[in-house]
Amino acid sequence: MTETLVSTYLCMTKDIGLGGNLFGGVIMSWIDEAGAIYAYNQTKAERLVTVKYTEIVFERPVRVGDIVTFYASNPRFGRSSFTFDIEGRVEGGVVCHTKGTFVAVDESGKPTPLPGKA
Ligand SMILES: CC(C)(COP(=O)(O)OP(=O)(O)OC[C@H]1O[C@@H](n2cnc3c(N)ncnc32)[C@H](O)[C@@H]1OP(=O)(O)O)[C@@H](O)C(=O)NCCC(=O)NCCS
């Protein structure tokens, strides 16, 4: 399976939640940013919106000083939609994984075919 290293983040003290680990909302924002980068790179669409992430599983805690790297794989091209798998890893293993879908839209926000799918 071909996978692409998309982006890397450093967990800092400002990112920590009350439980003492990386706050879930922060890592979800990192997932969506990495997903967007991957979707734009793969589709070459002008405008994409996030339509869905399936179940997001947090497998293990991320702590201050950990470097989280996101890898995307298994790209699937629909008419206007693009779906992929994405996971975050720290040294030693997977910390989270999910599946994302973006949709290409026009200026009014309506779905439009991906480049090459018109
Ligand atoms: C994404 C959006 C444009 C889709 O509009 P829609 O009227 O439901 O679109 P359609 O039913 O015509 O479907 C268009 C494509 O989206 C896919 N899609 C729509 N809802 C989906 C869902 N819940 N899960 C997976 N794919 C979905 C369809 O399968 C279709 O794919 P295809 O063209 O490859 O066959 C609309 O739901 C939207 O604007 N959502 C808000 C997006 C947003 O603000 N995101 C957060 C910030 S980026």
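Scroll up for the structure.
Not measured: the values here are computed from a predicted model.

**Examining the site of the ligand**
Thinking step 1. For the ligand, the set of nearby residues contains 13 residues, the closest of which are T50, K52, R79, S80 and S81.
Thinking step 2. T50 is positioned such that a nitrogen or oxygen atom in its backbone is 2.8 Å from a nitrogen atom of the ligand.
Thinking step 3. The side chain of S81 places a nitrogen or oxygen atom 2.6 Å from an oxygen atom of the ligand.
Thinking step 4. For the ligand, whose accessible area on its own is 950 Å², the fraction buried by protein is 45%.
Thinking step 5. Where the shell around the ligand is concerned, the elements lending two or more residues are β2 (48-53) and β6 (93-104).
Thinking step 6. A class-by-class count of the residues in the shell around the ligand yields 5 nonpolar, 6 polar and 2 charged.

**Brief notes about the environment of V57**
Thinking step 1. Along the polypeptide, V57 turns up in strand β3 (residues 57-58).
Thinking step 2. Judged by relative accessible area, V57 falls into the partly exposed class, the value being 23%.
Thinking step 3. Measuring from C-alpha to C-alpha, the distance between V57 and C96 comes to 5.3 Å, with 39 residues separating the pair along the chain.

**Regarding the packing of aromatic side chains**
Note on aromatic pairs: each is described by the distance of the centres and the angle between the planes.
Thinking step 1. On inspection of all chains with the given rule, the structure shows 8 aromatic pairs.
Thinking step 2. Relative to F102, the ring of Y53 lies with its centre 6.4 Å away and its plane at 90°, an arrangement referred to as edge-to-face. Of this pair, Y53 sits in strand β2 while F102 sits in strand β6, and the two are 49 residues apart along the sequence.
Thinking step 3. Put simply, the rings of Y38, Y53, F77, F82, F84 and F102 touch in pairs and so form one group of aromatic residues.
Thinking step 4. In this structure, R89 packs its charged tip against the face of Y71, placed 4.0 Å from the ring centre.

Reading the values: rules and limits
- Residues numbered from 1 in each chain as written.
- Predicted model: local features only at pLDDT ≥ 70, side-chain atom pairs only at ≥ 80, totals over all residues.
- Heavy atoms only, no water.
- Near = heavy atom within 4 Å.
- Polar contact = N/O pair within 3.5 Å; in protein donor to acceptor, adjacent residues only side chain to side chain.
- Areas by Shrake-Rupley, 256 points an atom, 1.4 Å probe, with all protein chains shown as cover.
- Helix = DSSP H or I, 4+ residues; strand = E, 2+ residues; numbered from the N terminus.
- Nonpolar A, V, L, I, M, F, W, Y, C, P; charged D, E, K, R; others polar.
- Buried < 20%, exposed > 50% of the residue type's maximum accessible area, 1.4 Å probe, protein only.
- Phe/Tyr/Trp six-rings, centres within 6.5 Å; stacked < 30°, edge-to-face > 60°.
- Lys NZ or Arg CZ within 6 Å of the ring centre and 35° of its normal.

By themselves, these observations are geometric and do not establish any function.
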